[in-house]
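Here's the letter readout for the chains.
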Amino acid sequence: MSQVIIYQNSNGNVSVCVPTGELPINEVLAKDAPAGAIIVDDSTLPQGADAQFFDAWKLNGSTVTVDFPTAQAHKLRDFNAAAVQVAQKRQLNTLAGIENTPSDADFTANLTAGRTAIASAKTTIDLVAIANPA
Amino acid sequence: MAGTIVADTLQDGAGNSTAMDNAIYGSAKAWVNFNGSGGTIRASYNVSSITVSATGQFLVNLTNALSDANYAVIASASSTASNAAGGVNIMTGTPWSVLTPTTTQFGIVTPISTTTATALTYTCVAVFR
């Protein structure tokens, strides 16, 4: 079990200051953390799966909890960004296929197929809206 | 015992020598090797702590202040995950804004995109001045 320093940062989230051991933790608290920061055992911080939602940690008194609506929104945002990348890659593959077509007939066919694919590809999949319909 | 050695040149027994400036200005004034995921610190020199501000966003706090804030920071980061990025933005804060370094603190970010950072297993930083 190790001790760390925690405080609520300017974004409203939790900052965790991990001492290297070069100085006593009380000196680190005074030197590296703002007023109001506290020393806690790291075992009291969210563990396991909850630890991955670090950007959704909230400080209530001396207790850190996970704000799950925020965590969900962050995961959906990340998933959305990944989906956009997949859609963009599909479009590039389609365009590359058109460019490398050997004959005029194939070119026309692939061009039509490519237009259809591009038109139907979603550049943005708004999963937040899907999860929270109006 | 405290003391001072004054010399312009360092020389070993084989006659190899170097200017004292190389030892003074060419050696790292601080360094740290830590796990960006969780902030576990493996080893350090002249670093009092690492503050994890958000995923992949860190403040490096120096034990002893440097002479000024015009130091050079060299950093690298990598992960055991095959699809992870390995870049590091130096003197950067949240979100990707310039974070002016001080004599005792500077920020680094390990980005995975233009808007998102990621925590990388091996994050290493060295400071020269």
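Predicted model only: the values in this text are computed from it and were never measured. (Residues numbered from 1 in each chain as written. Chains lettered and ligands numbered in written order. Predicted model: local features only at pLDDT ≥ 70, side-chain atom pairs only at ≥ 80, totals over all residues. Heavy atoms only, no water.)

Colleague: Hey, could you run me through the overall build of chain B in this one?
Modeller: When you go through chain B residue by residue, the secondary structure sums to one helix and 10 strands. Along chain B, helices and strands appear, N-terminal first, in the series β-β-α-β-β-β-β-β-β-β-β. Taken across its 129 residues, chain B has 38% of its residues classed as buried. Considering only contacts in chain B between residues 6 or more positions apart, those separated by 24 or more positions represent 51%. If you sum the accessible surface of chain B, you get close to 6,700 Å²; carbon and sulfur atoms cover 53% of it. (Helix = DSSP H or I, 4+ residues; strand = E, 2+ residues; numbered from the N terminus. Buried < 20%, exposed > 50% of the residue type's maximum accessible area, 1.4 Å probe, protein only. Contact = heavy atoms within 4.5 Å. Areas by Shrake-Rupley, 256 points an atom, 1.4 Å probe, with all protein chains shown as cover.)

Colleague: I would appreciate a short explanation of the side chain of threonine 51 of chain B in the present structure.
Modeller: Relative to the elements of secondary structure, threonine 51 of chain B occurs in strand β5 (residues 47-54). For threonine 51 of chain B, the side chain forms a polar contact with the side chain of asparagine 61 of chain B, separated by 3.2 Å. Residues within four places of threonine 51 of chain B in sequence aside, it is in contact with Tyr7, Ser15, Val16 and Cys17 of chain A together with Gln57, Phe58, Leu59 and Asn61 of chain B. (Polar contact = N/O pair within 3.5 Å; in protein donor to acceptor, adjacent residues only side chain to side chain.)

Colleague: Looking at this model, I keep getting lost on the interface of chain A and chain B. Mind explaining?
Modeller: By convention, interface size is frequently given as the accessible area that disappears when the constituent parts associate. Taken together, the contact between chain A and chain B spans 19 residues of the former and 20 residues of the latter. Taken over both partners, the interface formed by chain A and chain B buries close to 1,400 Å², and the fraction arising from carbon and sulfur atoms is 45%. A per-residue breakdown of the area chain A buries against chain B is headed by Val18, Thr20 and Glu22 of chain A, which together make up 36% of the total. The tally of links from chain A across to chain B stands at zero salt bridges. (Buried area = accessible area lost by both parts, 1.4 Å probe. Salt bridge = Lys/Arg side-chain N within 4 Å of Asp/Glu carboxyl O.)

Colleague: Quick question: what am I supposed to make of unusual backbone geometry here?
Modeller: Across residues other than glycine, the phi torsion is negative in most instances, and most of the peptide bonds are trans. Residue and element names in this part refer to chain B. One non-glycine residue, asparagine 46, adopts positive backbone phi at about 55°. By secondary structure assignment, the location of asparagine 46 is in the loop between β4 (41-45) and β5. What makes asparagine 46 buried here is its relative accessible area of 7%.

Colleague: So what exactly am I meant to see when it comes to the sheet that holds strand β9 (residues 105-109) of chain B here?
Modeller: Sheet strands line up and pair through hydrogen bonds in the backbone, either parallel or antiparallel. A sheet is described by the order of its strands in space; here seven strands give the open sequence β3(A)-β1(A)-β2(A)-β5(B)-β6(B)-β9(B)-β8(B), paired in antiparallel fashion. Strands at the two margins of the open sheet, each flanked by one partner only, are β3 (38-41) of chain A together with β8 (89-90) of chain B. (Pairing = 2+ DSSP bridges.)

Colleague: How do you make sense of the environment of serine 53 of chain B when you look at a structure like this?
Modeller: Within the secondary structure, serine 53 of chain B is located in strand β5. For serine 53 of chain B, a relative accessible area of 17% puts it in the buried group. Residues serine 53 of chain B and threonine 92 of chain B, 39 residues apart in the sequence, show an inter-C-alpha distance of 12 Å. Sequence-distant contacts of serine 53 of chain B, defined by excluding residues within four places in its chain, comprise Asn9, Val14, Ser15 and Phe54 of chain A together with Leu59 of chain B.

Colleague: Help me understand the pattern of salt bridges in this model?
Modeller: Where side chains of opposite charge bring their charged atoms close, a pairing between them can arise. On inspection of all chains with the given rule, the structure shows two salt bridges over all chains. Among the salt bridges present, the one from aspartate 32 of chain A reaches lysine 31 of chain A, with a minimum N-O distance of 2.6 Å. Overall, the relative accessible area of 8% leaves aspartate 32 of chain A in the buried class. You can call lysine 31 of chain A partly exposed: its relative accessible area is 35%. Here aspartate 68 of chain B ties to arginine 129 of chain B by a salt bridge, and the two come within 2.7 Å at their closest N and O atoms. Taken together, the residues aspartate 68 of chain B in the loop between β6 (57-62) and β7 (72-78) and arginine 129 of chain B in the segment after β10 (122-128) connect sequence positions 61 residues apart. Aspartate 68 of chain B gets classed as partly exposed once you look at its relative accessible area, which sits at 21%. Residue arginine 129 of chain B is classed as partly exposed on the basis of its relative accessible area, which comes to 33%.

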